[in-house]
Amino acid sequence: MRFISAPPNWLMAKIAKDFGIQDPSLAVPSPAGTEAEARDPSRPFVVKMHAQWCPVCLLTKGTWAAVQQTHAGSANLVVFDFTNEKTTEASRADAKRLGLEKFFDENGGVSGVVYVLDGRTKEVRAELVGEHNAAAYGRAIEAANAAWPAWRKRATSWLPSDW
């Protein structure tokens, strides 16, 4: 499999102009793992596969912000950035730290997709491609949460978030 690390600067500028982004650097999400520092195995992982040059990523930026605001307490939110080799390697390190190394190896390099993973098994429960409706993310997160037994959620609720 071959991945292109990043498009030329002229293309980045055109994409930014076409999507109304004043400064293309503003499109870069927060680093992977910062949202999932307090990961909880009873919560699903919601993994955004991002690249600064990805048109789908630029179009769904506002939707992702809404997902972050709404579901920060019910899911482990993560962004893997494939903008260039440096961000890809940083994302790979974060994936390893979060126990998502296998997922990263199988799906790394893809952009414009958000995956919902089971918090325990790390299996893909949903795949949302270019979805603009924040409610669709909510339904996928709720479905993944429903797969975790309620008694297990109560039994682990007393644990510290970094356990």
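This is a predicted model, so every value here is computed, not measured.

**Some details on the sheet that holds strand 2 (residues 76-81)**
Here comes step 1: On the basis of which strands lie adjacent, the open sheet formed by four strands has the order 2-1-3-4 and mixed pairing. In this open sheet, the two edge strands, each paired with only one partner strand, are strand 2 and strand 4 (124-129). Here the strands of the sheet are splayed against their neighbours by 20° on average, with no regard to which way each runs.
Here comes step 2: Pairing of strand 1 (residues 45-50) with strand 3 (residues 113-117) involves five bridges; the strand directions are antiparallel. The residue bridging V46 from the neighbouring strand is V116, located in strand 3.

**Description of the pairing of strand 4**
Here comes step 1: Of the strand pairs in this sheet, strand 3 and strand 4 are connected by five bridges, and their pairing is antiparallel. When the sheet's bridge partners are listed, Y115 is paired in strand 4 with E127.

**Notes on the pairing of strand 1**
Here comes step 1: Summarising burial for strand 1: six of the six residues are buried, a large majority.
Here comes step 2: Of the two faces of strand 1, the one carrying F45, V47 and M49 and the one carrying V46, K48 and H50 are both buried.
Here comes step 3: Of the strand pairs in this sheet, strand 1 and strand 2 are connected by six bridges, and their pairing is parallel. For V46, the partnering residue across the bridge sits in strand 2 and is L77.

**A word on empty space enclosed by the protein**
Here comes step 1: Applying the stated criterion across every chain, the model contains three cavities of 30 Å³ or more.
Here comes step 2: A volume near 70 Å³ is recorded for the largest cavity.
Here comes step 3: In terms of lining, the largest cavity is formed by 14 residues, of which the most central are K48, T60, G112, V114 and Y137.
Here comes step 4: Contributing elements (two or more residues each) for the lining of the largest cavity: strand 1, helix 2 (55-59), helix 3 (61-71) and strand 3.
Here comes step 5: The residue inventory of the lining of the largest cavity, partitioned by class, reads eight nonpolar, four polar and two charged.

**So, helix 4 (residues 85-97)**
Here comes step 1: In this model, helix 4 (13 residues) spans 18 Å end to end at C-alpha, consistent with the 18 Å of a helix rising 1.5 Å per residue.
Here comes step 2: Of all the positions in helix 4, only T88, S91, D94 and A95 are classed as buried. Seen end-on, helix 4 carries its buried residues on one side only, within an arc spanning 120°. Among the exposed residues of helix 4, those oriented more than 90 degrees off its buried face are E85, K86 and K96.
Here comes step 3: Here helix 4 starts with a cap whose side-chain oxygen sits 3.0 Å from the backbone nitrogen of K86, and that cap is N84.

**Examining the environment of V79**
Here comes step 1: Summarising the element assignment, V79 is placed in strand 2.
Here comes step 2: Looking at V79, the relative accessible area reads 1%, which means it is buried.
Here comes step 3: In this structure, the C-alpha to C-alpha distance between V79 and A51, residues 28 residues apart in sequence, is 9.8 Å.

**A few points about unusual backbone geometry**
Here comes step 1: A positive phi angle, near 65°, is found at K122, a position not held by glycine.
Here comes step 2: Note on placement: K122 falls in the loop between strand 3 and strand 4.
Here comes step 3: Residue K122 is classed as partly exposed on the basis of its relative accessible area, which comes to 25%.

**Section: the environment of V116**
Here comes step 1: Structurally, V116 is set in strand 3.
Here comes step 2: Distance in space between the C-alpha atoms of V116 and A126 is 5.0 Å, their sequence separation being ten residues.
Here comes step 3: Those residues in contact with V116 that lie beyond four places of it in its chain are P44, F45, V46, E123, V124, R125, A126, L128, A140, I141 and A144.

Conventions used here
Residues numbered from 1 in each chain as written. Predicted model: local features only at pLDDT ≥ 70, side-chain atom pairs only at ≥ 80, totals over all residues. Heavy atoms only, no water. Pairing = 2+ DSSP bridges. Helix = DSSP H or I, 4+ residues; strand = E, 2+ residues; numbered from the N terminus. Axes fitted to C-alpha atoms, helices over the stretch in contact; angles between N-to-C directions. Buried < 20%, exposed > 50% of the residue type's maximum accessible area, 1.4 Å probe, protein only. 1 Å grid on protein atoms, 1.4 Å probe; cavity = no way out; pocket = protein on both sides within 12 Å on 5 of 7 lines; lining within 4 Å. Points joined across faces, edges and corners; volume = space filled by probe spheres on them. Nonpolar A, V, L, I, M, F, W, Y, C, P; charged D, E, K, R; others polar. Expected span 1.5 Å × (residues − 1). Arc of directions from axis to C-beta. Polar contact = N/O pair within 3.5 Å; in protein donor to acceptor, adjacent residues only side chain to side chain. Contact = heavy atoms within 4.5 Å.

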